[in-house]
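One-letter residues, chain by chain:
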Amino acid sequence: MPQQKDIVKIAIQMPGAYPQLIQLDQKKPLSAVIKEVCDGWNLPGPDNYALQYADGVQTYITESNRLDIKNGCILRLTKAPGRCAEDLYKGIQSSDSGVRCDSLKQLASVSTDVTFAQEFISRDGHSLLVKIVEDANESPVIITHTLTGFMELMDHGIVSWENLSCVFIKKIASFVNAKLADASIQQVSLDILESMVLSSHSLFLQVKQEVTLERLIAHLQVANQQIQTKAMALLMALLQTAGDADRQELFAFLTKKNLRQYIYKNIIHSSALVGDEMAHYLYVLQSVTLNHLEPRMKTPLDSYNQEQRDILHGLRQAAFEMEGENSLSHERRRSLCAKEFKKLGFSNNSNPGQDLVRTPPGLLALDTMFYFASRYPDAYSRFVLENSSREDKHECPFARSSIQLTLILCEILRIGEPPSETGADYHPIFFSQDRLMEELFCVCIQLLNKTWKEMRATQEDFDKVMQVVREQITRTLSSKPTSLELFKNKVNALNYSEILKLRQTERLHQEETLAPPVLELKERLKPELLELIRQQRLNRLCQGTLFRKISSRRRQDKLWYCRLSPNHKVLHYGDVDEDEDTENPPIETLAEKIPVADIKALLTGKDCPHMKENKGKQTKEVLDQAFSITYDVEEYSLNFIASSRTDFCLWTDGLSVLLGRDMSSESMRSELEILLSMEIKLRLLDLENVPIPDNAPPVPKPPSNYNFCYDFSQTEQ
């Protein structure tokens, strides 16, 4: 007798027949199970049949994945993958174009299954698809299905991209380069080329040679968002895969062809919202471009470099009149230079280059100062001369401030940090300027001078001023200004008094009175509010969330959805198609499920199985958003990577509630504080401006007698 744990109760369907309800013995060979099912319907040749899931992603059941079958699963008896592959292989070669089209359409659908893909590729089916593309004698619809099927087959990694012929690569590139081509063909072709570029350096060189970059830029100007996104994906793949020399060459060409302006006009200012994938590519482009400044940021000034010394003296000469300097003696000139460098705000006035030895910001600080002095000479002179005329303790040191401001901008713009796999925090203002770093510096150095005066700062207040300026910049950039002029207006409106008001408001929101009676009231309110948060978390799990599978090879992997059943007893999940409604797919469409009672543990961060597999390859951002649940006897796990920290907190809290554990996320703590704060304020409205004592008033001693009490009983008689 098989053990109960090896028995799974399932239903098996077949078109035109009554479903069979069977008890699947997981120890019995799959071929024997299929034979029994075929016998139940009197079907000959059980070798020609296979089982696959009836709902969701219709994956074939194999010996390797059969343990994923759970109680209540619905399977379907269908053609075996080998027979299906053989039929489609023959159908693709049919002389009837209708049969060819239907076969290729079905191929594009079933190729997502790795078992079928192995069977089809073993028959050299992928080479047949390559030949169809190379010959290019078919209709656009057939070519689209061919390319889609080919892409799905290659995604399994069974065949190396490097086995492709130059003719095929040129043909795919020709679809992308064509001015009048079917949008569906171009979309899949861009996808294929991106995968080629990411797979090897030799293919990168071939694609770079074949694809016309002007056409990629032209694709960014079309109204079709999918074409725009795929074109950006290919551009970013080219930039990230290229070596330093190739990357510089690509950047020079893209700058010459006004890539930034096209993105600014057709994507940033488009009437349609920027999608998540496009936002990621804009972030990558911003990051890769700004990282060109990293070498300057990490290079200290060389006191023996004549060019760098000339720039330093150029700063001094641009700020002060130089008439009659040449007639002075060497000692007198040195003394004058030292005095003027001191007025410029250098700490080491006899050798100002020493101020720029620290990295970061290194030579980048010299570049930004020189850009400001040459681009805006009037503003530069006004800054220096205005501070030269102030008292020593109140003057704002230009050089010291510039060096620190450059460092702050490097940190805010994350210069030197490689782009993350999931980052999407781009600044629209970046695409409005060719030299964002320098232009931001020019606006912010003048802001710094203005803030210095508003704070009536002295040299001792330098760090406080820099903190305020950092806050002004970060708060303004977080509002996503789309132009430098808009940034300038917003950041100047956010003066020191406004910063103080914002800080005070935030402090009032965060701080509650610490009187013991209020603390006691808080403790009494906590259980009720925690229950409210628990219910919210469970409701959010019932609503469900869309997750993205991330792999190191290709970013745009499949989407999947997970939600809790309304009775809070089962987690339903399954893959969803990007083209379908992914906002809130019905629970019936999610094929997989896990009973909550089977969940054993909740793991987060580096303890997750999918993080351990890629140890050392994941960024901190991905680690912070990863969690897993183990179920059954901790043999299986369901792995998640949340799209945001908020989703991570909601799901980990909700799963903790289901497991009977305490919620522990920072989001829960924040929400509890907000709810407590609101409740406390409502309860204390009647006590406004009434001081709350730390201790309860003393209870007076009981009276010596109760003769003052009136006896109503005598009156009633």
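So, a few notes on the structure that sits alongside this text. (Residues numbered from 1 in each chain as written. Predicted model: local features only at pLDDT ≥ 70, side-chain atom pairs only at ≥ 80, totals over all residues. Heavy atoms only, no water.)

## Here's the deal with the overall build of the protein
Working step 1: A count of helices and strands for the protein gives 30 helices and eleven strands.
Working step 2: Here the protein has a C-alpha radius of gyration of 34 Å; the compact-globule value for 717 residues is 27 Å, and the former is much larger.
Working step 3: The dimensions of the protein, computed from C-alpha atoms along their principal axes, are 115 × 110 × 40 Å.
Working step 4: Within the protein, buried positions represent 46% of all 717 residues.
Working step 5: Within the protein, residue pairs in contact and separated by at least 24 positions form 66% of the contacts whose partners lie at least 6 positions apart. (Helix = DSSP H or I, 4+ residues; strand = E, 2+ residues; numbered from the N terminus. Rg over C-alpha atoms; globule rule 2.2 N^0.38 Å. Buried < 20%, exposed > 50% of the residue type's maximum accessible area, 1.4 Å probe, protein only. Contact = heavy atoms within 4.5 Å.)

## Considering the sheet that holds strand β9 (residues 599–604)
Remark on secondary structure: sheet strands pair via backbone hydrogen bonds, oriented parallel or antiparallel.
Working step 1: Spatial ordering of the open sheet is given by β9-β10-β11, a layout of three strands whose pairing is antiparallel. Where the open sheet ends on each side, the last strands, each with one partner, are β9 and β11 (636–641). Taking the axes of each pair of neighbouring strands and ignoring which way they run, one obtains an average angle of 20° across the sheet.
Working step 2: As defined by bridge partners, strand β10 (residues 626–631) adjoins β11 across six bridges and the pair is classed as antiparallel. The residue bridging Tyr631 from the neighbouring strand is Tyr636, located in β11.
Working step 3: Against the sheet, helix α28 (residues 645–658) engages β9, β10 and β11, with an angle of about 25° to β10. (Pairing = 2+ DSSP bridges. Axes fitted to C-alpha atoms, helices over the stretch in contact; angles between N-to-C directions.)

## Focus on the packing of aromatic side chains
Working step 1: Enumeration according to the criterion identifies 24 aromatic pairs in this entry.
Working step 2: Residues Phe341 and Phe346 carry aromatic rings whose centres are separated by 5.6 Å and whose planes lie at 85° to one another, so their mutual orientation is edge-to-face.
Working step 3: Accessibility expressed as a relative area gives 3% for Phe341, which makes it buried.
Working step 4: One aromatic cluster is present, built from ring pairs that chain together Phe547, Trp560, Tyr573, Phe627, Phe640, Phe648 and Trp651.
Working step 5: Above the plane of the ring of Tyr49 lies Arg83, whose end atom (NZ or CZ) is 5.8 Å from the centre. (Phe/Tyr/Trp six-rings, centres within 6.5 Å; stacked < 30°, edge-to-face > 60°. Lys NZ or Arg CZ within 6 Å of the ring centre and 35° of its normal.)

## A look at the pattern of salt bridges
Working step 1: In this structure the tally under the stated criterion is 33 salt bridges.
Working step 2: For the salt bridge of Lys35 with Asp39, the shortest nitrogen-to-oxygen distance reads 3.3 Å. Placement of both Lys35 and Asp39 in helix α1 (residues 30–40) is noted, with a separation of four residues, approximately one turn of the helix.
Working step 3: Assessed through its relative accessible area of 44%, Lys35 is described here as partly exposed.
Working step 4: Overall, Asp39 belongs to the partly exposed group, its relative accessible area being 42%.
Working step 5: Two residues, Arg66 and Glu63, come together in a salt bridge whose shortest N-O distance is 3.0 Å. (Salt bridge = Lys/Arg side-chain N within 4 Å of Asp/Glu carboxyl O.)

## Quick look at the nonpolar core
Burial of nonpolar side chains together is a common tendency in soluble globular proteins.
Working step 1: Of all hydrophobic cores here, the largest spans 143 residues; its most connected members are Met196, Met232, Ile263, Leu344 and Leu405.
Working step 2: The dominant element in this core, judged by the number of residues it contributes, is helix α21 (residues 436–454), at eleven residues.
Working step 3: Those residues in contact with Ile263 that lie beyond four places of it in its chain are Leu220, Met232, Ile268, Leu282, Leu285 and Phe431. (Core = buried A, V, L, I, M, F, W, Y, C linked by side-chain atoms within 4.5 Å.)

## Notes on the sheet that holds strand β4 (residues 74–79)
Working step 1: Taken together, the four strands give an open sheet; going across it, the order is β2-β1-β4-β3, and neighbouring strands pair in mixed fashion. In this open sheet, the two strands that pair with only one neighbour each are β2 (17–25) and β3 (49–53). Here the average twist between neighbouring strands, direction ignored, is 35°.
Working step 2: Helix α2 (residues 81–92) contacts β3 and β4 of the sheet and is inclined by roughly 50° relative to β4.

## Some thoughts on the pairing of β2
If a strand is regular, its side chains alternate between the two faces of the sheet.
Working step 1: By the bridge criterion, seven bridges tie strand β1 (residues 7–14) to β2 in an arrangement that is antiparallel. Looking at the pairing, Lys9 lines up with Gln23 of β2.
Working step 2: Here β1 hands over to β2 after two residues, with Gly16 in that stretch at a positive phi of 80°.

## Topic: helix α12 (residues 244–256)
Working step 1: Taking 1.5 Å per residue as the helical rise, α12 with its 13 residues ought to reach 18 Å, and the 18 Å between its terminal C-alpha atoms agrees with that figure.
Working step 2: Among the residues making up α12, those that are buried are Asp246, Arg247, Leu250, Phe251 and Leu254. Buried positions in α12, seen along its axis, are confined to an arc of 135° and lie on one side of it. Turned more than 90 degrees away from the buried face of α12 sit Asp244, Ala245, Thr255 and Lys256, all of them exposed.
Working step 3: In this structure, the buried side of α12 is in contact with α9 (201–210), α10 (213–219), α11 (225–241), α13 (259–268) and α14 (276–290).
Working step 4: Immediately downstream of α12, the backbone of Asn258 shows phi near 60°, a positive value. (Expected span 1.5 Å × (residues − 1). Arc of directions from axis to C-beta.)

## Some thoughts on unusual backbone geometry
Working step 1: Of note, the bond from Thr359 into Pro360 is cis; its omega dihedral lies within 30 degrees of zero at -20°.
Working step 2: Topologically, Pro360 is positioned in the loop between α17 (330–344) and α18 (363–375).
Working step 3: Geometrically, the link from Pro360 to Pro361 is a cis peptide bond, its omega value of 15° lying close to zero.
Working step 4: Here the phi dihedral of Arg456 falls at roughly 50°; this positive angle occurs in a residue that is not glycine.
Working step 5: Here Arg456 shows up in the loop between α21 and α22 (462–478).
Working step 6: Residue Lys480 is not a glycine yet carries a positive backbone phi of 55°.
Working step 7: On the secondary structure map, Lys480 appears in the loop between α22 and α23 (484–493).
Working step 8: Residue classification places Lys480 among the partly exposed positions, given a relative accessible area of 33%.

## Comments concerning the side chain of Thr476
Working step 1: Structurally, Thr476 is set in helix α22.
Working step 2: Using a relative accessible area of 4% as the deciding quantity, one classes Thr476 as buried.
Working step 3: Here the side chain of Thr476 touches Gln472 through a polar contact of 2.7 Å, landing on its backbone oxygen.
Working step 4: Not counting residues up to four positions away in its chain, the partners in contact with Thr476 are Pro481, Phe487, Lys490, Val491 and Leu494. (Polar contact = N/O pair within 3.5 Å; in protein donor to acceptor, adjacent residues only side chain to side chain.)

## A closer look at helix α4 (residues 114–122)
Working step 1: Turning to α4, its buried residues are Thr115, Phe116, Ala117, Phe120 and Ile121.
Working step 2: Where α4 is buried, its residues contact α2, α3 (97–110), α5 (125–135) and α6 (140–155).
Working step 3: Capping of α4 at its N-terminal end is provided by Asp113; its side-chain oxygen lies 2.9 Å from the backbone amide nitrogen of Thr115.
Working step 4: In the stretch just after α4, Asp124 is the one whose phi turns positive, near 65°.

## Observations regarding the pairing of strand β8 (residues 592–595)
Working step 1: Side chains Glu592 and Ile594 project from β8 onto a buried face, and the interleaved Lys593 and Pro595 project onto a face without burial.
Working step 2: Two strands pair when backbone bridges link them, and strand β7 (residues 570–576) and β8 are joined in this way by four bridges, in the antiparallel orientation. Bridging across to β8, His572 finds its partner in Lys593.

## A short note on the state of the cysteines
Working step 1: Summed over the entire model, instances satisfying the criterion amount to zero disulfides.
Working step 2: The closest cysteine sulfur to the non-disulfide-bonded Cys562 is located on Cys542, 11 Å from its own sulfur.
Working step 3: Taking the relative accessible area as the measure of exposure, Cys562 reaches 0% and is therefore buried.
Working step 4: Cys649 provides the cysteine sulfur closest to Cys608, a residue in no disulfide bond, and the two sulfurs are 14 Å apart. (Disulfide = S-S within 2.5 Å.)

## Observations concerning the packing of α6 against helix α8 (residues 183–199)
Working step 1: α8 packs onto α6 with a crossing angle of 25° between their chain directions and a minimal axis gap of 9 Å. With respect to α8, the axis of α6 lies roughly parallel. Pair α6 / α8 crosses with left-handed handedness. On α8, the residues touching Pro140, Ile143, Thr144, Leu147, Thr148, Phe150 and Met151 of α6 are Ser184, Ile185, Val188, Ser189, Asp191, Ile192 and Ser195.
Working step 2: Here the residues of the contact of α6 with α8 are counted per class, giving eight nonpolar, five polar and one charged. (Parallel < 35°, antiparallel > 145°, perpendicular 65-115°, else oblique. Left-handed = near helix turned anticlockwise from the far one by under 90°. Nonpolar A, V, L, I, M, F, W, Y, C, P; charged D, E, K, R; others polar.)

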